[in-house]
Amino acid sequence: MLRRSFLLTTALGTLAACAGTTTPRIGPDGRPLPTVYRINPGDTAEIQFRVLDSVNALRQGAGVPQLQLNAELTAAAETHSRDMSLQNRPWHFGSDGSSPIDRAQRAGYRGRVLGENISETYESELETVAAWMQQPDTRDVITDADARDLGFAFFQEPTGKIWWTMVTGDGGTTGQGLPANRTG
């Protein structure tokens with residue numbers, strides 16, 4: 001038994017030594033070129049909850065309430081991620097001229113849309129959230145104290161490019177942009 005363990009350990013060590021280290025490819029700007037982050041279709045829910053957990057940790061650090069994943073906002077985010085891919089450009093308007101508010105309403109969201117973050121990248125979801133946190137405008141979407149709902153989705157092209165979309169909403173049920181009914 002000891003001999004078998006020794007042989008297995010030696011074989012693994014030899015294979016590891018043969019593998020060597022790979023040097024990252026360097027782009028013309030001197031920075032490492034990105035590696036393709038491949039997403040398996042069955043990993044969608046895991047990715048969405050990993051982002052939700054990360055965003056909520058960031059929000060906790062900012063002293064604002066946690067978000068919950070919202071199906072309608074996620075549907076709007078998914079539609080926009082696919083549409084950005086078709087347009088081959090990251091921007092907040094759909095090919096039909098729709099805004100984040102329009103897409104959320106079409107998906108049935110009854111609250112008020114507060115913000116949308118988008119990205120075109122080969123990076124993972126957590127690298128994308130980290131990049132959003134580096135910019136004041138996208139960080140503000142993540143840490144908006146009025147936000148209660150999160151929609152998050154992506155579309156990955158066969159080349160590996162990923163189009164990410166995050167949408168936040170206030171969780172209200174008064175309808176987009178309408179003030180809450182008040183009596184008194």
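Reference entry: report on the structure contained in this document. This structure is a prediction, so every number in the text was calculated from the model and none was measured. (Residues numbered from 1 in each chain as written. Predicted model: local features only at pLDDT ≥ 70, side-chain atom pairs only at ≥ 80, totals over all residues. Heavy atoms only, no water.)

Strand order in the open sheet formed by four strands is E1-E3-E4-E2, with mixed pairing between adjacent strands. The sheet is open, and its two borders are formed by strand E1 (68–69) and strand E2 (113–121), each paired with just one other strand. Pairing geometry for E1 and strand E3 (residues 149–156), over two bridges, is parallel. Considered in E3, the bridge of Gln68 is made with Asp149. Contacting E1, E3 and strand E4 (162–169), helix H2 (residues 44–62) crosses the sheet at an angle of about 135° to E3. Sheet strands in contact with helix H3 (residues 71–87) are E1, E2, E3 and E4, and its direction is about 30° off that of E3. (Pairing = 2+ DSSP bridges. Helix = DSSP H or I, 4+ residues; strand = E, 2+ residues; numbered from the N terminus. Contact = heavy atoms within 4.5 Å. Axes fitted to C-alpha atoms, helices over the stretch in contact; angles between N-to-C directions.)

Another point: the pairing of E3. Both faces of the sheet carry side chains from a regular strand, because those side chains alternate between them. For E3, the tally of buried residues reaches seven of eight residues, placing the bulk of the element in the interior. Alignment of E3 against E4, held across eight bridges, turns out to be antiparallel. Its bridge partner lying in E4, Gly151 is registered against Val167. Taking the residues that link successive antiparallel strands as the turn, the E3-E4 hairpin has five residues, and the phi of Gly160 there is positive, at about 105°. (Buried < 20%, exposed > 50% of the residue type's maximum accessible area, 1.4 Å probe, protein only.)

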